[in-house]
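Listed below are the residues making up each chain.
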Amino acid sequence: DIDMEATTALYRGKQGKKRAQKYPIDAEGKRTLGKLLTGAFRPISRLFKARIVPSPLWPFCEGMEAAEQEEETKEHCFWRCPRWGKFERNTQRR
């Protein structure tokens, strides 16, 4: 589950100075966070079903072993992608 209070504070830039230094967010990150908060995030798996992109695979998995590649879903992007594992270790599901 997402901590909406903390996520909204991050989006609004009201997470406090210490956290802002530890977890900086740039303009692109803020746009992505806004999409997540509003439900407007469109994973490639949805774009593939709409025939907008040629493959449902998460582009950051390119060059990885075929067995590691997965469809880009919200869960894959943020929790299971081996490419982003180092970031996952810095977060905790609570």
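One can find the structure itself at the top, above this paragraph.
Every value quoted in this text rests on a predicted model; they were computed, and no experiment measured them.

## Here's the deal with the side chain of glutamate 72
Right, on to step 1. Among the secondary structure elements, glutamate 72 is positioned in the loop between helix H4 (44–49) and helix H5 (74–80).
Right, on to step 2. One buried charge, glutamate 72, has no salt-bridge partner; the nearest side chain with opposite charge is arginine 42, at 9.5 Å.

## As for the packing of helix H1 (residues 4–12) against helix H3 (residues 27–38)
Right, on to step 1. At a closest axis distance of 10 Å, the pairing of H1 and H3 adopts a crossing angle of 145°. Both H1 and H3 take part in a crossing whose hand is left-handed. In this structure, H1 contributes Met4, Thr7, Thr8, Leu10 and Tyr11 to the contact, and H3 contributes Lys30, Leu33, Gly34 and Leu37.
Right, on to step 2. Among the residues forming the contact of H1 with H3, the class breakdown is 5 nonpolar, 3 polar and 1 charged.

## With respect to the packing of aromatic side chains
A ring pair, where both rings are aromatic, is described by two values, the distance of the centres and the angle of the planes.
Right, on to step 1. On inspection of all chains with the given rule, the structure shows 0 aromatic pairs.
Right, on to step 2. A cation sits over an aromatic face here: lysine 30 above tyrosine 11, 5.1 Å from the ring centre.

What counts and how
Residues numbered from 1 in each chain as written. Predicted model: local features only at pLDDT ≥ 70, side-chain atom pairs only at ≥ 80, totals over all residues. Heavy atoms only, no water. Helix = DSSP H or I, 4+ residues; strand = E, 2+ residues; numbered from the N terminus. Buried < 20%, exposed > 50% of the residue type's maximum accessible area, 1.4 Å probe, protein only. Lys, Arg positive; Asp, Glu negative; His and termini not counted. Salt bridge = Lys/Arg side-chain N within 4 Å of Asp/Glu carboxyl O. Axes fitted to C-alpha atoms, helices over the stretch in contact; angles between N-to-C directions. Left-handed = near helix turned anticlockwise from the far one by under 90°. Contact = heavy atoms within 4.5 Å. Nonpolar A, V, L, I, M, F, W, Y, C, P; charged D, E, K, R; others polar. Phe/Tyr/Trp six-rings, centres within 6.5 Å; stacked < 30°, edge-to-face > 60°. Lys NZ or Arg CZ within 6 Å of the ring centre and 35° of its normal.

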